[in-house]
Amino acid sequence: MIVGVLGLQGAVREHVKSLERLGTDTKIVKGEADLDGISGLVLPGGESTAISLLASGSLLERLRRMAGEGFPMFGTCAGMILLSREVDGAPSPYIGAIDIGVRRNASGRQVDSFETILKVEGIGEDVPAVFIRAPYVTRLGERVVPMALYAGAVVMAREENVLVTSFHPELTEDLRIHRYFLGMIEEKDEAKEGEG
Amino acid sequence: MVEKGTYRVKSGLAEMLKGGVIMDVTTAEQAKIAEEAGAVAVMALERVPADIRAEGGVARMADPTKVKEIMDAVSIPVMAKVRIGHFAEAQILQALQVDYIDESEVLTPADPDYHIDKWEFTVPFVCGARNLGEACRRIAEGAAMIRTKGEPGTGNVIEAVRHMRLMNEQIRRVLSADESELMTIAKDFGAPLEILHAIRDAGRLPVVNFAAGGIATPADAAMMMQLGCDGIFVGSGIFKSSDPARRARAIVQATTHYNDPDILAEISAGLGEAMSGIAIEQIPEAEMMQTRGK
């Protein structure tokens, strides 16, 4: 299994390292041609405005289509913003693969960035989480499952094949969330085999 | 348990800026241009380095009114500069809630001997370095991000290249040294031993290292990225050029696609005049900015 990491800008190296520590091969994705041969895609943290300007319209369009067809995607922080259906202040979504609304920099400026321990549904009660100028979920679609809360706000959620976190598991040594995402890819592959 | 201002939170923001371009801006309007071009952050200051160099006088932290205007204008992180050692300027910028402080040789140093104790602050710091020893000393003082010093305001990349190559060479030496050699290397480099251990553990500098000081073209940015920098600061290079918006976009693209010459060829074309620039040999010793700080 090869997992792609969107490599236009941001904490690309950290996701690659987390995935490789789990024994997974990775591939940096900068354009559409790089999407061949991957089974899932991680959209890392970074600056969402910069990443969205660097991503070509056709790449975003292709990712939107792939997400709609069940391709597993995992977005952290800026990656979550790119995957959201509604982004506060943006006229239209970027990829729009998960039915949530988000507010950018909802946790405030850098002096308000923090780390904490979260209870994550189905993963554990003690998951370390680093929040950096983090976005929060402001609206949750009916089919979206909230997986973690912080101060009453949803900070991790899943809708079928799309997983998002406001925080950065890739900045910690804890690999459980990445392992969970790899599990989503495996489920998908098994379901596909079942169909065949 | 909630912890703010931890080293992981401070260095974490720098990690998020990787592969991006941080642009010097002096007005809210310039900040908007930078954001729309895809900058990952802006550096708010009173005058760009080229003007500081040309006009002389004492260069200080920007007026808080200006910093706030810029913070209000954009949603990307805003950095601002303080003079080397000027902890009170840093306290003011922290009170303004800027996202990163650059303790910078571009401004006139405030302390002849000491840098700021950056562990005291919640807001993270970036500092310049010409070699590994300088980088390690700044990290030991609490800097969560490093950049090359280069020679600011020159539009001449040679000093940034010199600093990056030297740092790479010195990191290779640390990585190949055995434990018994490390103390002597620490002494030779003027680098705290524990930071050298951290370099050995990480296989590289333990914090993000950007290029700064003289970058003026997309090709300059691509060259620094190929030399191993994590991202790019552009000071005077954008707003001292003839078409800032276009050049800003091109440098952003070049920083992402730094190893794709076909893309670089396309985005480098027709950008208008770059800033004119200065040969390093023409700068009197006393006017060199990179030698400021210890």
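Below or above, wherever it landed, is the structure these notes cover.

## Brief notes about the pairing of strand β6 (residues 125-129) of chain B
Residue and element names in this part refer to chain B.
Link 1 in the chain: Counting buried positions along β6 gives 5 out of 5 residues, so the element sits mostly inside the fold.
Link 2 in the chain: The alternating pattern of β6 places Phe125, Cys127 and Ala129 and Val126 and Gly128 on opposite faces, both of which are buried.
Link 3 in the chain: Bridge count between strand β5 (residues 100-104) and β6: 3 bridges; the pairing is parallel. Residue isoleucine 101 lies in a different strand from β6, and its bridge partner there is phenylalanine 125.
Link 4 in the chain: Across 4 bridges, the pairing between β6 and strand β7 (residues 145-148) is parallel. Among the inter-strand pairings, cysteine 127 is bridged to a residue of β7, identified as isoleucine 146.
Link 5 in the chain: Between the parallel elements β6 and β7, the chain passes through helix α6 (residues 132-140) in a crossover that is right-handed.

## Focus: the pattern of salt bridges
Link 1 in the chain: This model, assessed by the stated rule, comprises 36 salt bridges over all chains.
Link 2 in the chain: With its nearest N and O atoms 3.0 Å apart, the salt bridge here joins B:Asp230 to A:Arg13. With B:Asp230 in the loop between α10 (218-226) and β9 (232-234) and A:Arg13 in helix α1 (residues 12-21), this residue pair bridges two chains.
Link 3 in the chain: Relative accessible area serves as the criterion here: at 11%, B:Asp230 is assigned to the buried category.
Link 4 in the chain: A salt bridge links A:Arg85 to A:Asp99; its shortest N-O distance comes to 3.9 Å. Highlighted residues: A:Arg85 in strand β5 (residues 84-87) and A:Asp99 in strand β6 (residues 98-103), separated in sequence by 14 residues.

## Considering the sheet that holds β7(B)
Residues and elements named next belong to chain B.
Link 1 in the chain: The parallel open sheet is built from 8 strands, whose spatial order is β8-β7-β6-β5-β4-β3-β2-β9. Each having just a single partner strand, β8 (208-210) and β9 make up the two edges of the open sheet. Averaged over all adjacent pairs, the angle separating strand axes in this sheet is 30 degrees, with direction ignored.
Link 2 in the chain: The pairing of strand β2 (residues 21-25) with β9 spans 3 bridges and is parallel. The partner of valine 21 across the bridge, within β9, is isoleucine 232.
Link 3 in the chain: Against the sheet, helix α2 (residues 28-37) touches β2 and β3 (41-44), its axis set at about 165 degrees to β2.

## Observations concerning a negative patch on the surface
Residues and elements named next belong to chain B.
Link 1 in the chain: On the surface, a cluster of negative charge is made up of Glu46, Asp63, Glu69 and Asp72.
Link 2 in the chain: If you trace the backbone, aspartate 72 turns up in helix α4 (residues 64-73).
Link 3 in the chain: Under the relative-accessibility criterion, aspartate 72 is labelled exposed at 68%.

## A closer look at the nonpolar core
Link 1 in the chain: With 83 residues, the main nonpolar core has A:Met73, A:Leu83, B:Met23, B:Leu93, B:Val98, B:Met224 and B:Ile232 as its most contacted residues.
Link 2 in the chain: Not counting chain neighbours up to four residues away, the residues in contact with A:Leu83 comprise A:Leu43, A:Met73, A:Phe74, A:Gly75, A:Ile95, A:Gly96, A:Ala97, A:Ile98, A:Val162, A:Leu163 and A:Val164.
Link 3 in the chain: One finds A:Leu118, A:Val127, A:Ala134 and A:Leu163 within the second-largest nonpolar core, a separate group that totals 30 residues.

## Side note on the interface of chain B and chain A
By a widely used convention, the size of an interface equals the accessible area lost when the partners come together.
Link 1 in the chain: Facing 42 residues of chain B, the contacting portion of chain A comprises 33 residues.
Link 2 in the chain: Between chain B and chain A, the buried area comes to about 3100 Å², and carbon and sulfur atoms account for 53% of it.
Link 3 in the chain: Taken together, the links from chain B to chain A amount to 7 salt bridges.
Link 4 in the chain: The closest approach of N and O atoms between B:Asp99 and A:Arg133, which form a salt bridge, is 3.2 Å.
Link 5 in the chain: Counting the contacts that link chain B with chain A gives 20 residue pairs in polar contact (both at pLDDT 80 or more).
Link 6 in the chain: Of all the secondary-structure elements, those providing two or more residues to the side of chain B that touches chain A are β1 (2-4), α1 (7-17), α2 and α12 (244-256) of chain B.
Link 7 in the chain: Residues belonging to the side of chain B that touches chain A are distributed by class as follows: 18 nonpolar, 13 polar and 11 charged.
Link 8 in the chain: Looking at chain direction, strand β7 (residues 114-120) of chain A and β1(B) are connected through 3 bridges and run antiparallel. When the bridges of β1(B) are listed, A:Glu115 appears paired with B:Glu3.

## Some words on the sheet that holds β1(B)
Link 1 in the chain: Taken in spatial order, the 3 strands line up as β8(A)-β7(A)-β1(B) in an open sheet, and their pairing is antiparallel. At either margin of the open sheet sits one strand with a lone partner, and together these are β8 (124-131) of chain A together with β1 of chain B. With strand direction ignored, the average angle separating the axes of adjacent strands in the sheet is 30 degrees.
Link 2 in the chain: Contacts from α1(B) reach β7 and β8 of chain A together with β1 of chain B, with the element oriented near 95 degrees to β7(A).

## A few points about the packing of aromatic side chains
All names here are of chain A.
Link 1 in the chain: Applying the stated criterion across every chain yields a total of 8 aromatic pairs over all chains.
Link 2 in the chain: When the ring of phenylalanine 74 is compared with that of phenylalanine 181, the centres are 5.4 Å apart and the planes differ by 45 degrees; the resulting orientation is tilted. Within this pair, whereas phenylalanine 74 is found in strand β4 (residues 73-76), its partner phenylalanine 181 is found in helix α5 (residues 176-195), the two being separated by 107 residues in sequence. Comparing phenylalanine 74 with phenylalanine 181 shows no difference in burial state: the two are buried.
Link 3 in the chain: Between phenylalanine 114 and phenylalanine 131 the ring centres are 4.6 Å apart and the planes differ by 15 degrees, which places this aromatic pair in the stacked class.

## Things to note about empty space enclosed by the protein
Link 1 in the chain: Per the stated rule, a full pass over the model turns up 2 cavities of 30 Å³ or more.
Link 2 in the chain: Of the volumes computed, that of the largest cavity is approximately 190 Å³.
Link 3 in the chain: Elements with a contribution of two residues or more to the lining of the largest cavity: β5, β9 and α11 (236-239) of chain B.
Link 4 in the chain: The space that makes up the second largest cavity amounts to roughly 110 Å³.
Link 5 in the chain: Going through the elements one at a time, α4 (78-83) of chain A together with α1 of chain B are the ones with two or more residues in the lining of the second largest cavity.

Thresholds, definitions, all that
- Residues numbered from 1 in each chain as written.
- Chains lettered and ligands numbered in written order.
- Predicted model: local features only at pLDDT ≥ 70, side-chain atom pairs only at ≥ 80, totals over all residues.
- Heavy atoms only, no water.
- Buried < 20%, exposed > 50% of the residue type's maximum accessible area, 1.4 Å probe, protein only.
- Helix = DSSP H or I, 4+ residues; strand = E, 2+ residues; numbered from the N terminus.
- Pairing = 2+ DSSP bridges.
- Right-handed = clockwise from strand over helix to strand, strands pointing away.
- Salt bridge = Lys/Arg side-chain N within 4 Å of Asp/Glu carboxyl O.
- Axes fitted to C-alpha atoms, helices over the stretch in contact; angles between N-to-C directions.
- Contact = heavy atoms within 4.5 Å.
- Patch = residues over 30% accessible without salt bridge, like charges linked within 9 Å, V, L, I, M, F, W, Y side chains within 5 Å.
- Areas by Shrake-Rupley, 256 points an atom, 1.4 Å probe, with all protein chains shown as cover.
- Lys, Arg positive; Asp, Glu negative; His and termini not counted.
- Charge placed at Lys NZ, Arg CZ, Asp CG, Glu CD.
- Core = buried A, V, L, I, M, F, W, Y, C linked by side-chain atoms within 4.5 Å.
- Buried area = accessible area lost by both parts, 1.4 Å probe.
- Polar contact = N/O pair within 3.5 Å; in protein donor to acceptor, adjacent residues only side chain to side chain.
- Nonpolar A, V, L, I, M, F, W, Y, C, P; charged D, E, K, R; others polar.
- Phe/Tyr/Trp six-rings, centres within 6.5 Å; stacked < 30°, edge-to-face > 60°.
- 1 Å grid on protein atoms, 1.4 Å probe; cavity = no way out; pocket = protein on both sides within 12 Å on 5 of 7 lines; lining within 4 Å.
- Points joined across faces, edges and corners; volume = space filled by probe spheres on them.

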